[in-house]
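# A structural walkthrough
What follows is each chain in one-letter form.
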Amino acid sequence: FSPVGKMFRAVVRLSTSGVRNLARTRPCYSAPLSARCYSHAKVETDEEFDARWVTYFSKPDIDAWELKKGMNTLIGYDLVPEPKILDSALRACRRLNDLASAIRILEAVKDKSGPHKDIYPYLIQELQPTLTELGISTPEDLGMDIL
């Protein structure tokens, strides 16, 4: 075999395998997201979720940083918090004498309600006894909704 013959054979071998690879159909190996299981952790029920957050905000030694961190985390979820969670968060604000945070919580919940116009009035209706007891005005009572 001459060097040209060896080189020609190598080129033909590479080109035919390259053509074969191009001609092959490759199956799609994508798994649906719902089938992926990254954790063996127990799934938390709605009641357990609510109880966890009520317990978090009901800690007698909660400080302002923990209150704000908890609210930021809670608002980050894809949900509007239940009235009982908001009740315990507002009571934590009262324990800290932090009226500004209480009003911010109500504003965040109103914003979180988004286009669903019936959620925020329902929450205010459920929280009205707590708001009255703690002496907290709603943003609407303070005229903040007009701005």
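Looking up the chain in an unreviewed UniProt entry gives the name Cytochrome c oxidase subunit 5A, mitochondrial, with the organism given as Hucho hucho. Regarding the chain, the UniProt comment filed under Sequence similarities (unreviewed entry) reads as follows: "Belongs to the cytochrome c oxidase subunit 5A family."

## As for the packing of aromatic side chains
Aromatic rings considered in pairs are described by the distance between their centres and by the relative angle of their planes. Under the counting rule described, the total for this entry stands at six aromatic pairs. Every member of this aromatic cluster is reached through a ring pair, and the members are Phe 49, Trp 53, Tyr 56, Phe 57 and Tyr 77.

## Concerning the pattern of salt bridges
Summed over all chains, the structure comprises seven salt bridges. With its nearest N and O atoms 2.8 Å apart, the salt bridge here joins Lys 42 to Glu 48. Residue classification places Lys 42 among the exposed positions, given a relative accessible area of 67%. Between Lys 84 and Asp 50 there is a salt bridge, with the nearest N and O atoms lying 3.9 Å from each other. Of this pair, Lys 84 sits in helix H4 (residues 83-95) while Asp 50 sits in helix H2 (residues 46-57), placing them 34 residues apart in sequence. Assessed through its relative accessible area of 47%, Lys 84 is described here as partly exposed. What makes Asp 50 buried here is its relative accessible area of 10%.

## Overview of the nonpolar core
Residues Phe 57, Leu 74, Leu 90, Ile 105, Leu 106, Leu 131 and Ile 136 are the most contacted members of the largest nonpolar core, which totals 24 residues. Secondary structure elements with two or more residues in this core: H2, helix H3 (64-76), H4, helix H5 (99-113) and helix H6 (119-134). For Leu 131, the residues in contact, after removing those within four places along its chain, are Leu 90, Leu 106, Ile 124, Ile 136 and Thr 138.

## So, H3
In a regular helix each residue adds 1.5 Å, so 13 residues correspond to 18 Å; H3 covers 18 Å between its end C-alpha atoms and thus fits that length. Inspection of H3 places Leu 67, Gly 70, Met 71 and Leu 74 among the buried residues, and these make up the whole buried set. What you see down the axis of H3 is that its buried residues fit within an arc of 100°, all on one side. Counted as exposed and oriented over 90 degrees from the buried face of H3: Trp 65, Asn 72 and Gly 76. Elements in contact with the buried residues of H3: H2, H4 and H5.

Criteria and thresholds
Residues numbered from 1 in each chain as written. Predicted model: local features only at pLDDT ≥ 70, side-chain atom pairs only at ≥ 80, totals over all residues. Heavy atoms only, no water. UniProt positions renumbered as here; feature names shortened; annotations may be inferred. Phe/Tyr/Trp six-rings, centres within 6.5 Å; stacked < 30°, edge-to-face > 60°. Salt bridge = Lys/Arg side-chain N within 4 Å of Asp/Glu carboxyl O. Buried < 20%, exposed > 50% of the residue type's maximum accessible area, 1.4 Å probe, protein only. Helix = DSSP H or I, 4+ residues; strand = E, 2+ residues; numbered from the N terminus. Core = buried A, V, L, I, M, F, W, Y, C linked by side-chain atoms within 4.5 Å. Contact = heavy atoms within 4.5 Å. Expected span 1.5 Å × (residues − 1). Arc of directions from axis to C-beta.

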